[in-house]
Amino acid sequence: MKKVLLASACVFALAAPASAADLAARPYTKAPVAVASVYNWTGFYLGIVGGGAWENGSGDPRMKGGFVGGTGGYNWQTGNVVFGVEADGSWADVNASVTTPVLFGGAIIPVTTSSRIDALGTVRGRIGWAVNNVLFYATGGYAWIDNKITVSSPLASVSDSKWHSGWTVGAGIEAFFAPQWSVKGEYLYRSLGGETYFSGIGAPVNTGTLNLHTVQVGVNYHFGGPVVAKY
């Protein structure tokens, strides 16, 4: 192949003076412009979320466990600043229990008191700073839980459920890993007001304020394709 190329070059060099006048000038071709992907966070999204929760404090027993559910929200972006609203709700199993010996009718019987959060959720505002496909944000708003307290013994068992409302604050990071998909990690501190249980049977118990730490991760699908081309 090397000999063929050299021979072809020699023939071309000899023929060039005779045919140069017949050759047209080579047209100029502009190099293609590079296209950059820029992420626009504006739009509606839905996703799934899950994580763990534990009660604030140093004593035991402390409530702890996990949860999984769904989330939805909307973002508005102006420059690098992103504003948003988000709501989430999850099924939960966050619980604690304690067993105490009680003297009853001349006998000591074990009485177990348990508290279990069956569901939890929030409605929050978000504000953050976007660096292309990565969003750093702070968040805060309304929080709620559905909690059940059960007192049981070998003789009987009684339960009461209450809805606790409060507030939450936290922070997180979210990043697109595909044109319409993002993943996020988030920490929330939730403070829920106390409620009175068993008032209907004449043995009221007030829980006082319940404070929870939660860490959660989620995956969101963004409608409308938040990727635009920048030339």
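Quick look at the structure, then. These figures come from a predicted structure and were not determined experimentally.

This part takes up the pattern of salt bridges. Summed over all chains, the structure comprises 8 salt bridges. The salt bridge partner of R126 is E86, with a shortest N-O separation of 3.8 Å. Here R126, found in strand 5 (residues 107–131), pairs with E86, found in strand 4 (residues 81–104); they are 40 residues apart in sequence, far enough to count as distant. As far as burial versus exposure is concerned, R126 and E86 are alike and both buried. In this structure, D93 engages R116 in a salt bridge whose closest nitrogen and oxygen atoms are separated by 3.1 Å. Placement of the pair is D93 in strand 4 and R116 in strand 5, with a sequence separation of 23 residues.

Take unusual backbone geometry next. At N132, a position not held by glycine, the phi torsion is positive, near 60 degrees. Locating N132 in the fold gives a position in the loop between strand 5 and strand 6 (134–152). The phi dihedral of F198 is positive, around 60 degrees, even though this residue is not glycine. Checked against the element boundaries, F198 lands in the loop between strand 9 (196–197) and strand 10 (205–206).

Attention now moves to the sheet that holds strand 7 (residues 157–178). The 8 strands are arranged 2-3-4-5-6-7-8-11 in a closed barrel whose pairing can be described as antiparallel. Each adjacent strand pair in this sheet contributes to an overall mean axis angle of 25 degrees, direction not counted. When strand 6 meets strand 7, the two strands line up antiparallel, connected through 19 bridges. Each bridged residue has a counterpart across the sheet, and for G140 the counterpart in strand 7 is V169.

Before going further, it helps to spend a moment on the pairing of strand 2 (residues 43–55). Pairing analysis gives 12 bridges linking strand 2 to strand 3 (residues 64–78), with the strands arranged antiparallel. Residue V49 lies in a different strand from strand 3, and its bridge partner there is G69. As judged from the 11 bridges shared by strand 2 and strand 11 (residues 210–222), these two strands associate in the antiparallel manner. Looking at strand 11, one finds that Y45 is bridged to H222.

Locating E55 in the fold gives a position in strand 2. For the buried E55, no salt bridge exists, and the shortest N-O distance to an oppositely charged side chain is 6.7 Å, to R62. Once residues lying within four places of it in the same chain are set aside, the contact partners of E55 are P61, R62, M63, L210, N211 and L212.

Attention now goes to the packing of aromatic side chains. The tally for this structure, following the rule as stated, stands at 9 aromatic pairs. Relative to F198, the ring of Y197 has its centre 6.5 Å away and its plane inclined at 50 degrees; by these criteria the two rings are tilted. The same class applies to Y197 and to F198, which are both buried. Taken together, the ring pairs in this structure connect F44, W181, Y221 and F223 into an aromatic cluster. Seen from the ring of F67, R190 lies directly overhead, with NZ or CZ sitting 5.8 Å from the centre.

Okay, the pairing of strand 3 next. As paired elements, strand 3 and strand 4 share 15 bridges and run antiparallel to each other. Note that in strand 4 the partner of T71 across the bridge is D88.

Looking now at the side chain of N220. The residue N220 is located in strand 11 in this model. Judged by relative accessible area, N220 falls into the buried class, the value being 1%. Only 3.1 Å separates the side chain of N220 from the side chain of E174, close enough to count as a polar contact. When residues no more than four places from it in sequence are discounted, the contact partners of N220 are Y45, L46, G47, T71, E174, Q180, W181, S182 and K184.

Cut-offs and rules
- Just so you know, the residues in each chain are numbered from 1, in the order the chain's sequence is written.
- Thresholds applied to this predicted model are a pLDDT of at least 70 for local features of residues and 80 or more for the giving and counting of side-chain atom pairs; totals over whole chains, interfaces and linings are not thresholded and use all residues.
- In computing side-chain values, all of the structure's heavy atoms are included and hydrogens and water are not.
- The working definition used for a salt bridge is a side-chain nitrogen of Lys or Arg within 4 Å of a carboxyl oxygen of Asp or Glu.
- Going along the chain from the N terminus, every DSSP run of H or I of four or more residues is numbered as a helix, and every run of E of two or more is numbered as a strand.
- Working definition: with a 1.4 Å probe on protein chains only, accessible area under 20% of the residue-type maximum means buried, over 50% means exposed, and in between means partly exposed.
- For two strands to be treated as a pair, DSSP must find at least two bridges joining them.
- Between N-to-C directions, angles cover 0 to 180 degrees, with each direction set by a line fitted to C-alpha atoms, over the stretch in contact for helices.
- Only four residue types enter the charge count: Lys and Arg as positive, Asp and Glu as negative, with His and the chain ends excluded.
- Every residue pair with non-hydrogen atoms within 4.5 Å of one another is taken to be in contact.
- Two aromatic rings from Phe, Tyr or Trp, using only the six-membered ring of Trp, form a pair when their centres are within 6.5 Å; if the ring planes differ by under 30 degrees the pair is stacked, by over 60 it is edge-to-face, and anything between is tilted.
- Two conditions define a charge sitting above a ring: the NZ of Lys or the CZ of Arg must be within 6 Å of the ring centre, and it must be within 35 degrees of the ring normal.
- Pairs of N or O atoms are called polar contacts if they sit within 3.5 Å, as long as, within protein, a hydrogen donor faces a hydrogen acceptor (for residues adjacent in sequence, only side-chain-to-side-chain pairs).

These figures come from the coordinates and say nothing about function on their own.
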